[in-house]
Amino acid sequence: MRKLALSDEILMQIEKSARYIGGEKNSVMKDKNLIDVRFVMCFPDLYEIGMSHLGIQILYDMFNSFEDTWCERVYSPGMDLHNIMKEQHIPLFALESQDPIRDFDFLGITLQYEMCYTNILQILDLSNIPIHANKRTWDDPIVIGGGPCAYNPEPIAEFFDLFYIGEGETQYRALLDLYKKDRANNTSREEFLLHASSIPGIYVPSLYEVTYKEDGTIESFSPKFENVPATVRKEIVPDLNDTYYPLKPVMPFIKATQDRLVLEIMRGCIRGCRFCQAGQLYRPIRERSLETLKKYARDLIRNTGHEEICLSSLSSSDYTELQELLLFLIDECDAKKINISLPSLRIDQFSLDVMNKVQDVKKSSLTFAPEAGTQRLRNVINKGLTEEDILNGAHLAFEGGWNKVKLYFMLGLPTETIDDIKGIGKLCNEIAKEYFETVPKEKRNGQKIQITASTSFFIPKPFTALQWAPMNTEEEFREKAYQTRLGIMEQLNQRSIKYNWHDTDVSVLEGIFARGDRKIAAVIEDAYKKGCIFDAWNETFQYDLWKQAFEDCNISMAFYTTRHRADDEVFPWDFIDIGVSKKFLLREWHNALAEKVSANCRKQCQGCGAAGYGVGLYCP
Amino acid sequence: MKLRIRFSKFGPIKYVGHLDMMRFFQKAIKASGIPVKYTEGFSPHQVLSFAAPLGVGTESESEYCDLELTESTGIETYFEPLNREMCDGLTILGFYELPEKAKNAMASVQGASYRILFNDEKAISLLTDSVNTFKSSDSVLSYKETKTGTKERNLKEAVYDIYAQDGELYFTCDASSGGNLKPAALLEGLFKPYGLSFQPWDYHIIRTEVFARNEKEELVPLYDGFKELVSRS
C-alpha cells in the first residue's frame, strides 16, 4: 500500500482529503529507481479545477509513455492544508509517489489564467524552491511554464527557468534528452539553460535583457548571448491524428468541475474575432478526422466508464464533419447510456434537432454570444453574428419549444458609445418580442420567455488585434454596467430579461497581468507576501492588498490598463512568434477602428501568417 | 435480476467519501460491462443502492451495494472485470443474487460490527476495564446535540455485543436508518468515566461486517441467505 505524505491526523482535519492521496484510476505508478527523469506537472489551483483540464492529461499521457520518464501531478493545496503545511514545515508533494516536489527534475506549471499567478508562488514556496529562478541550484527542479499565459510570460518571467511556447506534444522529448545528457556530463545549470534555448519553442527568460524608455515602455529586448535566438517561435502539432491523446485519463476520486470525457475535435478557429486571444494563438486550423474521433470516443468510453461526454474546440460548429460526428455520438451514447453535453453550437435546424435528441427542451437553454449590442460595434470586433442570425435562430428554437435564452456581451470594447450599451437591452427586447410573436398564448403552457444577459468587461490581450486598445477604468466599467441595467429596464419586455455582470476589480488585475512586463513580478511577489492567493476565487480575492502592493512597489496600474498604445510600441511579448504577424494584427486594429469586417479563414485568407506552418486546413 | 456486491475498502482510499465512492462505482460498473439497468429519460442513471455510508477515514472488511440488472445469466463472468476496474485498496469480494422482492441494501441494514485500534497508550491500558464497566452498568448515557435540542440515548440498548482483545475494541451495534450508532459516540461513553476524550485521529476504525435481521430476528451478514454467484476465496 502507498504511504501518504500527510498523517491521518492532518487528513482527518482538512476538507476533501481525497484531493491529496493520489492513487486514482489510470494514475501512473513507476519504480523511481528505473527511470531517469522525474517530471511533476502542476495546475496551480485546486485539484477539482486542475483535474478538469485536458492539456495536463495529454502531457501526462505523453510523458508516461516515455520509458525513462515518470510524470506525476500536483495541485494547489486548499487554504486549510496550506496553513498546516506552513505551520508544520511539511514540503509540498506529488500525488503519485507522495515525494517532495523539490526532489523532482522538472516542475511544469500550466498557466491557464492570469489570476493563478500568486498560486505559482504558493507552489514554489511550499516546495521550498527559491521563487526567483536565479537563486536556484541543481538541488531544485527546472521550473518550466506553458499554456496560454506563457504567450506573455514577462510578468512571471523571473519565477521560471524556462517557458515552453506552444503545444507541448512536440519538443519535450528533445528537452528531456538534453537534460539527461547535460546532467550526465555534469554541466552547470546555467549551461543547461543556455543549451535549452536552442530547442524550438523554448524560451529562457534569464538569457534576455530588457531596456526601457523614459515613458516606461520597452526600448529594446534582446538576447544576452550571440547564439540565443532573438525570437521564439510557437510549436504546433502538425497532424492531430498522429499525436498523443489520453485514452486512459486519470479519474479523479472527488467530483471534478468537468466530470466528463473530453473529445478535442480541432485546434484553431476560422472566425478571427478581434478580441479573442485563443483564436490567434491556436492558428492554423487543424482538425481531427472523424475516424480518429470515433475511435477515441469508443476507447474512452470503454476505458473510463464515464457517464457523460463533451466536445472541445474553439468553435465546434465550424468542424467540417460535425453532423456525422454528432450522429455517431448520439447512436453510440444512446446504446451505452451516456449523456452528451453539447458545446454551444450555432443555432440552426440541425443543431436544434440534435439538442432536442440529447437534452430536455424544457430545461435547456439557447446560447448566443453577440458580444456587443449593435452591429456597428460587432463590426469593430469582427463578430460575424448579426441580429438577423440571432432572431432567426431564436425563432426556430421557440417553434421547437425552447423558452430560455442566454446572451453574452462585453462592456468596454474600443469605440463603444452609449448607443452600443443601450443596444444590449434592445436586442434582448427584440428576442422577447420574437417569442411572443412566434408562440401564441395558448401554446405557451404557462411558460414564460426567460432571457439572461451577462456582461463581462473587455480585457485587451496580447496577440489580438485589440492589443493596442486602452482598457476602461473601474469607474467606467461600473457606469457601463449601470447603464446596461437601465437600458434593459427601459424595455417593454424588461420583466423577461435578467441581467448579470462580473466584478470590475478582478478584470483590472487580469488586464495588468495580460499585458504586463517584467516590472510586474515584484508586485506579484509583494502581493503574495501580503497574503494574496487564490485570486481567481471571489471568496479569497483581496483587491485592497493588491492595490497596496502596487503602491508599495511604486508601479502604476493605469500604465498597463488605460494607457493609449502607439502603433509602433514594442510590446513585452513581441519576441514570441505565434505565426500570426504583428503587421496583420495592426492591420486588423485599423480595420476595427474603421468598423471594417474581415472575412473568416474559410471564405478568404487574410494573410495572417499562420500559413507559414504549412498545415492549416484553409491556408493557401 | 438484482445483484448484491460485497467489497472491502482499505488504505488511503478510506479518505474517499460516500458520494464519491458511489460515483466511482457507477463508472467502474459501467466500464466492467455488467448489464446494469438504467432509468429512463434524458439523463439515465444506474439503479444502484449502497448499504450503509462509511465515514471518511474508516476502513471496511465488508461493504455492500445493490444493482439492478437487465440480464440474469452469466453475471459471475463480470466478477474479475469489475475487480480490474477497482483502485488500490478496493476489492470486490462476492456477487450474490437477490430475489426481485428483496429489500434493497440500505433498507436491510440493522447492525454493524467494528474493530477499533487505538494510537493512545492510555486508552489501550484502560480498555479492558472500561469495557467491563460498560457491561456491568445498567445504562450508559450518550448525549447528542441536534437541531431540536440535546438527545439522550442509552448506549447499552444500541450495543449488542462488545469485548476487548489485545488492546483492540470489538463491538456490534445498531446501524439501522433510525438508530445508527456512530463508533465515536460509543468511545465517548466508554472512556468518559476515565476522563479520556478522543480526536478522530486518535484511533482507527475498521468496519468488519454489516448485518440484516433474518426471520428469527438474528443479526446475519447482508449476504446471508442469498445465492452466492461467485466470491473471492
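The structure displayed is predicted, hence computed values, not measured ones.

**Examining the overall build of chain B**
Alright, step 1. Assigned secondary structure in chain B consists of six helices and twelve strands.
Alright, step 2. Since a compact globule built from 233 residues should have a radius of gyration of about 17 Å, the 19 Å found for chain B is in line with a globular shape.
Alright, step 3. Along the three orthogonal principal directions, the C-alpha set of chain B runs to about 55 × 35 × 35 Å.
Alright, step 4. Within chain B, buried positions represent 53% of all 233 residues.
Alright, step 5. Within chain B, contacts between residues separated by at least 24 positions form 73% of all contacts whose residues are at least 6 apart in sequence.

**Examining the nonpolar core**
Alright, step 1. In this structure, Leu107(A), Trp546(A) and Phe95(B) are the most contacted members of the largest nonpolar core, which totals 166 residues.
Alright, step 2. With residues up to four places along the chain from it excluded, the contact list for Leu107(A) reads Val40(A), Cys42(A), Val74(A), Ile101(A), Ile123(A), Leu124(A), Ile129(A), Pro141(A), Ile142(A), Val143(A) and Ile144(A).
Alright, step 3. Ranked by size, the runner-up nonpolar core spans 72 residues in total, among them Ile340(A), Leu345(A), Ala397(A) and Cys428(A).

**What about the domain arrangement of chain B?**
Residues and elements named next belong to chain B.
Alright, step 1. In terms of domain boundaries, chain B breaks down into domain 1 (2–108 + 223–231) and domain 2 (111–213).
Alright, step 2. On the side of domain 2, eleven residues touch domain 1, which itself brings 15 residues to the contact.
Alright, step 3. Taken together, both faces of the contact between domain 1 and domain 2 bury some 980 Å²; the carbon and sulfur share is 45%.
Alright, step 4. In this structure, Glu-63 and Arg-207 form a salt bridge, with 2.9 Å as the shortest nitrogen-oxygen distance.
Alright, step 5. Our count for the contact surface shared by domain 1 and domain 2 stands at ten residue pairs in polar contact (both at pLDDT 80 or more).
Alright, step 6. It is strand E3 (residues 59–68) that contributes the most residues to the side of domain 1 that touches domain 2, six residues altogether.
Alright, step 7. In terms of residue class, the side of domain 1 that touches domain 2 is made up of six nonpolar, four polar and five charged.

**A look at the environment of Pro205(A)**
Residues and elements named next belong to chain A.
Alright, step 1. Examined against the element boundaries, Pro-205 turns out to sit in the loop between strand E6 (202–203) and strand E7 (208–212).
Alright, step 2. You can call Pro-205 buried: its relative accessible area is 3%.
Alright, step 3. Sequence separation between Pro-205 and Lys-461 is 256 residues; the distance between their C-alpha atoms is 21 Å.
Alright, step 4. Setting aside chain neighbours within four positions, we find Pro-205 in contact with Ala-157, Phe-160, Asp-161, Leu-162, Phe-163 and Arg-518.

**Structural notes on the interface of chain A and chain B**
Where the parts come together, the accessible area they lose is often given as the size of the interface.
Alright, step 1. With 34 residues of chain A at the interface, the matching set in chain B holds 27 residues.
Alright, step 2. Contact between chain A and chain B buries roughly 2700 Å² in total, counting both sides, with carbon and sulfur atoms accounting for 63%.
Alright, step 3. Connecting chain A to chain B are five salt bridges.
Alright, step 4. Note that Asp259(A) is salt-bridged to Arg23(B), the shortest N-O span being 2.9 Å.
Alright, step 5. At the boundary of chain A with chain B, the tally comes to eleven residue pairs in polar contact (both at pLDDT 80 or more).
Alright, step 6. Only helix H1 (8–13), helix H9 (290–304) and helix H11 (349–358) of chain A provide two or more residues apiece to the side of chain A that touches chain B.
Alright, step 7. Top element by residues in the side of chain A that touches chain B is H1(A). It accounts for five residues.
Alright, step 8. Taken together, the residues of the side of chain A that touches chain B sort by class into twelve nonpolar, nine polar and 13 charged.

**Structural notes on the sheet that holds strand E16 (residues 404–411) of chain A**
Residues and elements named next belong to chain A.
Alright, step 1. Across the sheet, four strands lie side by side as E15-E16-E17-E18; this open sheet has parallel pairing. The sheet is open, and its two borders are formed by strand E15 (366–371) and strand E18 (497–501), each paired with just one other strand. Sheet twist, expressed as the mean angle between neighbouring strand axes with direction ignored, is 20 degrees.
Alright, step 2. Bridging between E15 and E16 involves four bridges; their strand directions are parallel. Along E16, the bridge assignment pairs Leu-366 with Val-405.

**A few points about the packing of helix H13 (residues 387–399) of chain A against helix H14 (residues 418–438) of chain A**
All names here are of chain A.
Alright, step 1. For the pair H13 and H14, the least separation of the axes is 9 Å and the interaxial angle reads 35 degrees. Here the hand of the crossing between H13 and H14 comes out right-handed. On the side of H13, the interface is formed by Glu-387, Ile-390, Leu-391, Ala-394, His-395, Phe-398 and Glu-399, while H14 contributes Leu-427, Glu-430, Ile-431, Glu-434, Tyr-435 and Thr-438.
Alright, step 2. A breakdown of the residues in the contact of H13 with H14 according to their chemical character gives seven nonpolar, two polar and four charged.

**Regarding the sheet that holds strand E5 (residues 162–164) of chain A**
Across a sheet, paired strands are connected by hydrogen bonds in the backbone, their directions being either parallel or antiparallel.
Residues and elements named next belong to chain A.
Alright, step 1. One open sheet accounts for six strands, arranged E2-E1-E3-E4-E5-E6; its pairing is mixed. In this open sheet, the two strands that pair with only one neighbour each are strand E2 (69–75) and E6.
Alright, step 2. Summarising the sheet, strand E1 (residues 37–43) and strand E3 (residues 106–110) pair through four bridges and their orientation is parallel. The partner of Phe-39 across the bridge, within E3, is Phe-106.

**Brief notes about the pattern of salt bridges**
Residue and element names in this part refer to chain A.
Alright, step 1. For the coordinates displayed, the defined rule picks out 61 salt bridges over all chains.
Alright, step 2. Between Arg-376 and Glu-595 there is a salt bridge; the shortest N-O distance is 3.0 Å. In this pair, Arg-376 sits in helix H12 (residues 375–380) while Glu-595 sits in the segment after helix H20 (582–593), placing the two residues 219 residues apart along the sequence.
Alright, step 3. The class of Arg-376 is partly exposed, set by a relative accessible area of 24%.
Alright, step 4. Members of the salt-bridge network, linked through shared partners, are Glu-167, Glu-169, Glu-264, Arg-267, Arg-286 and Arg-288.

**Focus on the pairing of strand E7 (residues 149–154) of chain B**
All names here are of chain B.
Alright, step 1. Relative to E7, strand E6 (residues 141–146) runs antiparallel, the two being bridged by six bridges. Residue pairing across strands places Tyr-143 opposite Glu-152, the latter belonging to E7.
Alright, step 2. Once E6 ends, the chain turns through two residues before running back antiparallel as E7.

**Things to note about the packing of aromatic side chains**
Within a pair of aromatic rings, the relevant descriptors are the distance that separates the centres and the angle that separates the planes.
All names here are of chain A.
Alright, step 1. The final tally for this structure, using the stated rule, is 46 aromatic pairs over all chains.
Alright, step 2. Taken together, a centroid distance of 4.8 Å and an interplanar angle of 55 degrees make the contact between Phe-106 and Tyr-179 tilted. Taken together, the residues Phe-106 in strand E3 and Tyr-179 in helix H6 (residues 172–184) connect sequence positions 73 residues apart.
Alright, step 3. Residue Phe-106 is classed as buried on the basis of its relative accessible area, which comes to 0%.
Alright, step 4. The class for Tyr-179 is buried, based on a relative accessible area of 3%.
Alright, step 5. A ring pair is formed by Phe-398 and Tyr-435, whose centres lie 5.0 Å apart and whose planes are at 90 degrees; its orientation type is edge-to-face. Taken together, the residues Phe-398 in helix H13 and Tyr-435 in helix H14 connect sequence positions 37 residues apart. One exposure class covers both Phe-398 and Tyr-435, and it is buried.
Alright, step 6. Members of the aromatic cluster, joined through ring pairs, are Phe-39, Phe-63, Phe-66, Phe-106, Trp-138, Tyr-164, Tyr-172, Tyr-179, Phe-192 and Tyr-244.

**Thoughts on helix H15 (residues 474–489) of chain A**
Alright, step 1. Between its first and last C-alpha, H15(A) extends 23 Å over 16 residues, near the 22 Å set by a 1.5 Å rise per residue.
Alright, step 2. Burial in H15(A) covers these residues: Glu474(A), Phe477(A), Lys480(A), Ala481(A), Gln483(A), Thr484(A), Gly487(A) and Ile488(A).

Conventions and cut-offs
Residues numbered from 1 in each chain as written. Chains lettered and ligands numbered in written order. Predicted model: local features only at pLDDT ≥ 70, side-chain atom pairs only at ≥ 80, totals over all residues. Heavy atoms only, no water. Helix = DSSP H or I, 4+ residues; strand = E, 2+ residues; numbered from the N terminus. Rg over C-alpha atoms; globule rule 2.2 N^0.38 Å. Buried < 20%, exposed > 50% of the residue type's maximum accessible area, 1.4 Å probe, protein only. Contact = heavy atoms within 4.5 Å. Core = buried A, V, L, I, M, F, W, Y, C linked by side-chain atoms within 4.5 Å. Domains from an automatic or database assignment. Buried area = accessible area lost by both parts, 1.4 Å probe. Salt bridge = Lys/Arg side-chain N within 4 Å of Asp/Glu carboxyl O. Polar contact = N/O pair within 3.5 Å; in protein donor to acceptor, adjacent residues only side chain to side chain. Nonpolar A, V, L, I, M, F, W, Y, C, P; charged D, E, K, R; others polar. Pairing = 2+ DSSP bridges. Axes fitted to C-alpha atoms, helices over the stretch in contact; angles between N-to-C directions. Left-handed = near helix turned anticlockwise from the far one by under 90°. Phe/Tyr/Trp six-rings, centres within 6.5 Å; stacked < 30°, edge-to-face > 60°. Expected span 1.5 Å × (residues − 1).

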